[in-house]
Amino acid sequence: MEVIILPTEHDVSELVATRLQNLIAKKPDSVIGLPTGATPLQVYKKLIQSFKENKIDFQKITTFNLDEYLGLGPKDPNSYFSFMKEVFFDHININIHNTHVLDGLTVDVAKECDQYENSIHHAGGIDLQLLGIGHDGHIAFNEPGSALRSRTRIKALTKETRQANSKYFGSLDHVPTHVLTMGVETILEAKECLLMAFGEHKSRAIAKMVEGAISSSCPASALQFHPNTKIIIDEQAASKLSRVNYYKSVFENKPEWQLKAEGFLSN
Ligand code: F6R
């Protein structure tokens, strides 16, 4: 796990967008795991901008979203499928048939989750998984207490997560109680993970994930097992970490060849 601390949300989003752009340039049929929420919005905007400038071609990529609300169909404005269309898919040349979001209206949850796992497998696995993190250390909707070997399944949301997401629904009462979500182990099977976070309100979760014990009480801490994970955060989200100077010096002193090899600098 490498921690990259940059001054602002803008810098973080720029670096992550560059990584995605370089990945797609190198492997046009990349399989990419995507989050919803506020965290990736600037990345999606930057990728749309690059597409408009003819710097990136999404035609052959395949995407898998992390999660979807149970009970919300793709046409529901609050579904994550609608969210992805609105903030990203409708603005790029992605083949919509190559985008995957769990079906929140399924009548057979187990089958839907199994099929999702199978689809990821048949696509060749996820090349790069983009992640945000909840205040309580959740990744996707693997809430605290989630098995660190969990697969795609139904999960009940905590009141805190429903509260955090109620801004999209008008009131807490309208936020669904359950979701379908990739499991922690599903995420750990991605070849590369990039987790982004901004702001003081994420600093506790970041410190627990990076410097705390690996524990289901902070599902994101399972990323410590992953051999190719980068935690890319702003100064505020890094404010409760104890080894800030070390993390900064590692990134600042990286040679150009390594930044290129890792896809953070264009060739
Ligand atoms: C959403 C997801 C969640 C969010 C997390 C942070 O698909 O998987 O884990 O990444 O709840 O949400 P924001 O970015 O809104 O702070």
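This text follows the structure it describes.
What counts as what
Residues numbered from 1 in each chain as written. Predicted model: local features only at pLDDT ≥ 70, side-chain atom pairs only at ≥ 80, totals over all residues. Heavy atoms only, no water. Buried < 20%, exposed > 50% of the residue type's maximum accessible area, 1.4 Å probe, protein only. Helix = DSSP H or I, 4+ residues; strand = E, 2+ residues; numbered from the N terminus. Pairing = 2+ DSSP bridges. Right-handed = clockwise from strand over helix to strand, strands pointing away. Salt bridge = Lys/Arg side-chain N within 4 Å of Asp/Glu carboxyl O. Contact = heavy atoms within 4.5 Å. Axes fitted to C-alpha atoms, helices over the stretch in contact; angles between N-to-C directions. Core = buried A, V, L, I, M, F, W, Y, C linked by side-chain atoms within 4.5 Å.

Asker: Before we move on, could you go through the pairing of strand S9 (residues 193-197) and cite the residues and values that matter?
Answerer: Look at any regular strand and the pattern is simple: side chains alternate between the two faces of the sheet. Of all 5 residues that make up S9, 5 are buried, and the element is covered over most of its length. Side chains Cys193, Leu195 and Ala197 of S9 all project onto a buried face; the interleaved residues Leu194 and Met196 project onto the opposite face, where all are buried too. Two strands pair when backbone bridges link them, and S9 and strand S10 (residues 229-234) are joined in this way by 5 bridges, in the parallel orientation. Pairing of Leu194 across the sheet is with Lys230, part of S10. Traced from S9 through helix H7 (residues 203-211) to S10, the parallel crossover comes out right-handed.

Asker: So what's going on with the pattern of salt bridges? Which residues, and what values?
Answerer: Under the defined criterion, the tally for this structure stands at 17 salt bridges. The network of salt bridges with shared partners includes Glu117, Arg149, Arg151, Glu185 and Glu189.

Asker: Would you mind going over the sheet that holds S9 in detail, with residue names and values included?
Answerer: Taken in spatial order, the 7 strands of this open sheet run S1-S10-S9-S6-S2-S3-S5, and their pairing is parallel. Both outer strands of the open sheet, strand S1 (2-6) and strand S5 (99-100), are each paired with one neighbouring strand and no more. Where strand S6 (residues 128-131) and S9 come together, 3 bridges link them in parallel fashion. By the bridge assignment for S9, Gln129 is matched with Cys193. Against the sheet, helix H4 (residues 109-122) touches strand S3 (62-65) and S5, its axis set at about 150° to S3.

Asker: Break down the side chain of Thr186 for me, citing the residues and quoting the values.
Answerer: Within the fold, Thr186 resides in helix H6 (residues 184-188). Taking the relative accessible area as the measure of exposure, Thr186 reaches 6% and is therefore buried. When neighbours within four sequence positions are excluded, Thr186 is seen to be in contact with Glu117, Ile120, Ser150, Arg151 and Thr152.

Asker: Now, about the nonpolar core: what can you tell me, with residues and values included?
Answerer: For soluble globular proteins, the rule of thumb is that nonpolar side chains tend to be buried together. Val16, Phe58, Phe88 and Ile232 are the most contacted members of the largest nonpolar core, which has 42 residues in total. Sorting the residues of this core by element identifies S1, helix H1 (9-26), strand S2 (31-34), helix H2 (41-52), helix H3 (80-87), S6 and S9 as the ones contributing at least two each. Per-element accounting of this core gives the leading share, 7 residues, to H1. In contact with Ile232, not counting residues within four places along its chain, are Ile4, Leu6, Val12, Leu15, Val16, Leu194, Leu195, Met196, Ala197 and Phe264. Leu102, Tyr116, Leu188 and Ala190 belong to the second-largest nonpolar core, a separate cluster that totals 39 residues.

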